[in-house]
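Read off the chains here:
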Amino acid sequence: MTVQACDSPARIVAKAAAVIPRKGQLAWQQRPVTAFTHFGMNTFTDREWGSGAEKESVFDPPVVDTAQWMRSLKAAGVTQVMLTAKHHDGFVLYPTRYTNHSVVASPWWLAPGCTAPAREEAEAHRAQDPSAFWQTRADCANPRGDVLRDYVESARAAGLKVGVYLSPADGAELPETFFADEVRRIEAKVAAGQPLSIEEQATYDDRASAPQGQGRYGTDSAVTRRTIPTLVPHDDRAAALAAGKLPRFTVDEDDYNTYYLNQLYELFTQYGPIDELWLDGANPWRDHGISETYDFTTWFKLIHALSPDTVTFAGPAGVRWVGNEAGQARETEWSPLPTTDDPDTAHNEELFLGGATADDLGSRQKLADPSVRYLQWAPAESDVSIRPGWFFHPAEQPKSPAQLVEIYRRTVGRNSSLLLNVPPGPDGRIASADTAALAGFGGAIARTQSRNLAAGAPGAVTDSSLTTAVPLDRPLDVRLPKPVTFDQIRLGEDITRGQHVEGALVQAELGGSWQTLATVTTIGYTRLVTLPAPVTARRLRVVVTQSRATPYLATFALYRTAV
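Analysis parameters
- Residues numbered from 1 in each chain as written.
- Predicted model: local features only at pLDDT ≥ 70, side-chain atom pairs only at ≥ 80, totals over all residues.
- Heavy atoms only, no water.
- Disulfide = S-S within 2.5 Å.
- Helix = DSSP H or I, 4+ residues; strand = E, 2+ residues; numbered from the N terminus.
- Buried < 20%, exposed > 50% of the residue type's maximum accessible area, 1.4 Å probe, protein only.
- Pairing = 2+ DSSP bridges.
- Salt bridge = Lys/Arg side-chain N within 4 Å of Asp/Glu carboxyl O.

Engineer: How would you summarise the state of the cysteines if you had to cite specific residues and measurements?
Structural biologist: Covalently bonding the sulfur atom of one cysteine to the sulfur atom of another cysteine gives a disulfide. Throughout the structure, instances matching the rule amount to one disulfide. The partner cysteine of C114 in its disulfide is C140, sulfur to sulfur 1.7 Å. Residues C114 and C140 are joined by a disulfide whose S-S torsion is about -55°; by sign, that bridge is left-handed. Within this pair, whereas C114 is found in the loop between β2 (80-86) and α5 (118-125), its partner C140 is found in the loop between α5 and α6 (147-157), the two being separated by 26 residues in sequence. You can call C114 partly exposed: its relative accessible area is 28%.

Engineer: For the sheet that holds strand β18 (residues 552-559), give the residues involved together with the corresponding values.
Structural biologist: Strand order in this open sheet of six strands is β13-β18-β14-β17-β15-β16, and the pairing throughout is antiparallel. If you trace the sheet from one side to the other, it starts and ends with β13 (470-471) and β16 (513-520), each paired once. Where strand β15 (residues 501-510) meets β16, seven bridges bridge the pair, whose relative direction is antiparallel. By the bridge assignment for β16, A504 is matched with V520.

Engineer: Any details on the pattern of salt bridges? Residues and values, ideally.
Structural biologist: Scanning all chains against the criterion turns up 35 salt bridges. For R47, the salt bridge goes to D205, with nearest N and O atoms at 3.9 Å. Taken together, the residues R47 in the loop between α3 (41-45) and α4 (66-74) and D205 in helix α8 (residues 198-205) connect sequence positions 158 residues apart. Residue classification places R47 among the buried positions, given a relative accessible area of 12%.

These results come straight from atomic positions and should not be treated as a statement about function.
If you want it as structure tokens, here you go:
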């Protein structure tokens, strides 16, 4: 929604009140906990950040037990899972046609005891042909070699929605000359006794190697007319494209953006439906002399054309980073947000006033800022790892169930989703300590929320429907059949009508007078308040103290924390 120069502050507030989630966003908001799965080359190098110069032979798990992953994650109450199909090191977990630095070139792709002579020829031609290993994919293939395929199928068999992370940053695609210059710079730091960043340490450790891709990143290659998908020799999609069964796109791009678009095309046409596409704006080598101009406009257009209901992280009418990796949403968390430019044209973190980490993103003061040009529904996603790192490291331990419950309250309970990373180990399984923590966390939430003690309140706010709601143009009086004891209060707006509450009270009649139990600012899809001590009451009320339009309450629940 655009903001006009002639719009008054009151008019802009009214416009913000009219912003609502689109279909894909609405479905996403009803999946409060997503599991992130960081698994890839770093799992086997014990790193958080890879160089892109790692040999594919390093990726050699004994098993990849995605069914065990799903059992562990589902026990935590997750309803969506998301895999790092490509992290910043550039190693790809599915058989892509566009780089040899993928699972196809790893030992994991081969069936046990089988040899494939064609792979030697592929290795000899990899510098000239990025599809060389893909051409050998059928030789001695491990039927579970495609990690992304296995992940997607296991997730869907478990009844879970699927997301994919495809990193724009790609160390394997760095030019060899730049990598060599970086090695010399880092060697000089080591000689001078200076500390190295984790990125520099990875490059230093791999200094005898070179980036394993085609050198397409940050080269200022010519922008020319390209076709997506770009067919490779013996491409198995040629007939479908010729028959019009698969779509084509004409774009003007450089080499790296073409590579990225081709991979997006593979993901959506071979692994869909993809419910969330995760991409960040990392351009990590910019300060050292090389960067890539990501064509977000074209990326977003392609994603929308192939899968209109997919929500894209930091994309237009998608989802947004909450602003930290600590699992903590703001006390005031808005979904209708102002931006300084068209969300279709940039990584959206760049467009929020004060940046994605600002304390305030959507207040009336922000809405009235003269730099505001657009309004969009951009709900928060809070990412945090169950372990200190994002990838598995044997020396680390997972958070306890109690810590995870607290994170849930600080994220899901504050109008955000929780994106909880759980990294499998190099043995291809989620560690038993992590599995136990997940089960303890999921069980604690399920036991607490298994019974709404507000039964007897208006059915429109105690049923499971988002769109049966009552207007809060006056206090909502809740009279229960008998007194109940509770220590958690859950509120939720009918966000199909927008997010409107700016301030509200929950009060209980105690000893013949009304006493305030909770004071909140925003509510949104979910607001969960944990009281300092249990309260016993029969009559409660919800009072809105400020709003942008008439709010509609869809959820009112009372819980007693399970021991």
